[in-house]
Amino acid sequence: MIPNAIRVFEQQRKVISARAGVTAQQLWRRVDPTQVDASMQVIRPHLVRALQGYRRQAAIAAAAYTPALLRETRLATEPVGELNLERFLEYAPDGRTVDGLYEQAAISAKTRMSRGLMPQLALQQVSALVLTMTLTTLSDTVRSVVAADMTRRPQVTGYVRQLVPPSCSRCVILAGRWYRWNEGFQRHPGCDCIHIPVREDHAGDLTTDPYAYFNSLTKEQQDRLFGKADAQAIRDGADIYRVVNIRERGLATAKGARKFGTPHRLTIDDIYEQAKSRDDAIRLMRQEGFITGPQVRGGNILGRFYEGYGELGKGGRAAAAREAVLEARRTGVRDPLNRYTMTSAERRYYDANYRLKYYERTGKIPVTIGPNSADLGVKLRAPSPGEVDGLYRQVDQLKNWALQTSAPPGLTRLVLALDDLSLDDLRRLEVVALAKGGKRAQAAAGIGSRRYDPNASRLTGNSGGGKPPNRQRPMRGGDEEEEWAKRQAALKSSTNGEMLEPHEIRFLEWFEARGERVSWIPRRQRNQDGGLLPTNDFRWLTNGSLVCELKVSVQKYKTISSHIRGSVARARAQGVRKENFVIYLENQWLRSVLRSQLTAYNIRNPDNRIKRLWVAHGGGMEEIQLEN
């Protein structure tokens, strides 16, 4: 039985969303195809005003939803503090200004026109983007208000994810899943799923039970939503979670199959192609791990509300680990220096940092992490130079990753705690963003660019660990500073007094050898906190003085897209636009797979789109034809 509060809230959301979508598209139709910028100057204030009005209505409805639901489910509790709904409306839920939301739509339309699409058709295509942005902003505003309302009610320990049909297959398998109150709400653009603040969910409800929802659909709807093969597999008894996850993520590795029984040889398509009959298909699905037992909500591998005690908890038998995990769940806060509640990435950094500090203090490598009797009475060995090199490299690589905005917040917090720094220190020293100037700022702060003293006894004693590790990317200011200064002075392009990093110098040498010239953009403008504002890297003089951002990367789409996405988002937050990028692969040749992946960058990253993209590689300079 669905509580009445949920029905009322869903109806309110649908009405507000429908009105907001219609209004946004009506206003968008007023954009003049021949004068997009001029007409957007007139229409954008109306779009923003309309969106803010509907967001306010949605926020008011969301603020009334949680207490009404808790009263109906007999979980009413006094909140701590008051909600200030106006604060939820100051910015878009993704951190952008509300005015900047629709700027992206105008850019997308002009990009399509510049590539030969008829202006009217380009505006029609972008109309769908305007609708998605509007509805996603409304849904995220609602979720933010509900999450804040849950947080101020200590008796509400978590929430259940509820569908708002019709829903996609990715959302269906998350229906009914219970999350702790401080866990993020996973969603995709246009997702309209909602929280149910509870201790336990309402069993049997089709909007919190994936199987109940699946069985409520007609065969045609099931086939359209999941695909014919996957829908048939679920009807034949396959685990809905495994079917969708394998479709989204691909088959498991052999190791994953041995550990969890996850399918790793045949997909659902392969099984139905090979099977001679329905019984044979069921046999193969059971053999491959798609049929795991009864079709129950939450799956039947680990159970419905399974929560372990971490890698060190031994299933709850290790008392110290168990108590640390329970305390973190109770308070919603993890001690950043407690190994029992760390993630795997955090523990890798903590352990490597501990071993390195121990070595620098004693010249030896510890057997265990932390004060432990295993190290007492044991003759600790001196490490080889290669081991020391590996420790320094591991610590620096993890630290540099942790200081990027795309890194997990917990890892960043651990690095700050171990280095006795705050985020304010990092912002002031400009080391959060590892884009232009980031390496120089780290060198100034002593972060991520360890300086080695060959005469220091702790590094050159009997341990044999005095050889400094090779740096993957050299820094200015070291032993080779004179060489880098000469190479920069020999450049034909103007650097405008900026001290370029070695990778920037190498790029310009490569670039100039092909007849290109640039003018480097100095970083001199400061924000209100005194820090330097982000800038693009250079003006491409031989390409119409196009303003560009340079990124040096390995040949991996995930790495390149993360660099671009983070750079665009951080610059936008400071009121700076970065929209033309050059990716320098140095001596690597651009592979066809990566070229194809980069072509779809804007489609995969609708909130951080760019205008133009070049890849400088061993085969020359190539512009990527971005799809929109």
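Look up: the structure comes first, before these words.
Residues numbered from 1 in each chain as written. Predicted model: local features only at pLDDT ≥ 70, side-chain atom pairs only at ≥ 80, totals over all residues. Heavy atoms only, no water.

Let us now look at the overall build of the protein. Tallying secondary structure elements over the protein gives 25 helices and nine strands in all. Once local pairs closer than 6 in sequence are excluded, the contacts in the protein between residues at least 24 apart make up 63%. Split by element, the accessible area of the protein, about 31,400 Å² in all, is 50% carbon and sulfur. (Helix = DSSP H or I, 4+ residues; strand = E, 2+ residues; numbered from the N terminus. Contact = heavy atoms within 4.5 Å. Areas by Shrake-Rupley, 256 points an atom, 1.4 Å probe, with all protein chains shown as cover.)

Below, the discussion takes up the sheet that holds strand 3 (residues 194-198). With antiparallel pairing, the three strands of this open sheet are ordered in space as 2-1-3. On the outer flanks of this sheet lie strand 2 (178-180) and strand 3, each paired with one strand and no other. Going across the sheet, the axis of each strand differs from the next one's by a mean of 35°, ignoring polarity. With five bridges connecting them, strand 1 (residues 158-162) and strand 3 associate as antiparallel partners. Following the sheet pairing, Val160 is matched in strand 3 by Ile196. In the packing of helix 1 (residues 4-28) onto the sheet, contacts are made with strand 1 and strand 3, and the angle to strand 3 comes to roughly 155°. (Pairing = 2+ DSSP bridges. Axes fitted to C-alpha atoms, helices over the stretch in contact; angles between N-to-C directions.)

This paragraph deals with helix 13 (residues 278-288). Listing the buried residues of helix 13 in full gives Asp280, Ala281, Ile282, Leu284, Met285 and Glu288. Against the buried residues of helix 13 lie helix 9 (228-235) and helix 12 (268-274). Of the residues one or two after helix 13, Gly289 is the one with positive phi, at around 100°. (Buried < 20%, exposed > 50% of the residue type's maximum accessible area, 1.4 Å probe, protein only.)

Moving on, we get to the sheet that holds strand 9 (residues 620-624). Strand order in the open sheet formed by six strands is 4-5-6-7-8-9, with mixed pairing between adjacent strands. Each of the sheet's edge strands pairs with one partner strand only, and the pair in question is strand 4 (518-520) and strand 9. Mean inter-strand twist for the sheet, computed between neighbouring axes without regard to direction, equals 30°. The sheet contact formed by strand 7 (residues 580-584) and strand 8 (residues 612-617) spans five bridges and is parallel. Paired with Tyr584 across the two strands is Ala616, which belongs to strand 8. Strands in contact with helix 23 (residues 557-573) are strand 6 (546-552), strand 7 and strand 8; relative to strand 7, the strand with the most contacts, it is inclined by about 145°.

A positive phi is found at Asn496, a non-glycine position, where the angle reads about 50°. Along the polypeptide, Asn496 turns up in the loop between helix 21 (481-489) and helix 22 (502-512). Asn496 sits in the partly exposed class, given a relative accessible area of 31%. We note that Ser545 has phi near 55°; this positive angle belongs to a residue other than glycine.

A few words on the packing of aromatic side chains. With the rule as written, the count across this model stands at 13 aromatic pairs. With a centroid separation of 4.9 Å and an interplanar angle of 70°, the aromatic rings of Trp540 and Trp614 are classed as edge-to-face. Of the two residues, Trp540 is situated in strand 5 (residues 538-540) and Trp614 in strand 8; the sequence distance between them amounts to 74 residues. As far as the burial class goes, Trp540 and Trp614 line up, both buried. Three or more aromatic residues joined by ring pairs make a cluster, and in this case those are Phe507, Trp510, Phe511, Trp520, Phe538, Trp540, Tyr584 and Trp614. Note that Arg604 overlies the ring of Tyr557, its terminal NZ or CZ placed 4.7 Å from the centroid. (Phe/Tyr/Trp six-rings, centres within 6.5 Å; stacked < 30°, edge-to-face > 60°. Lys NZ or Arg CZ within 6 Å of the ring centre and 35° of its normal.)

With respect to the secondary-structure elements, Leu541 resides in the loop between strand 5 and strand 6. Look at Leu541 and you get partly exposed, because its relative accessible area is 42%. The spacing of Leu541 and Val518 is 23 residues in sequence and 5.0 Å in space, taken between C-alpha atoms. For Leu541, the residues in contact, after removing those within four places along its chain, are Arg517, Val518 and Ser519.

Moving on, we get to the pattern of salt bridges. Under the defined criterion, the tally for this structure stands at 26 salt bridges. Of the charged contacts, one joins Arg487 and Glu483 as a salt bridge, the two residues approaching to 3.3 Å between their closest N and O atoms. Of the two residues, Arg487 and Glu483 are both situated in helix 21; the distance of four residues between them amounts to about one turn of the helix. Exposure remark for Arg487: the relative accessible area of 23% places this residue in the partly exposed category. In this structure, the salt-bridge partner of Arg506 is Glu586, at a minimum N-O distance of 3.1 Å. (Salt bridge = Lys/Arg side-chain N within 4 Å of Asp/Glu carboxyl O.)

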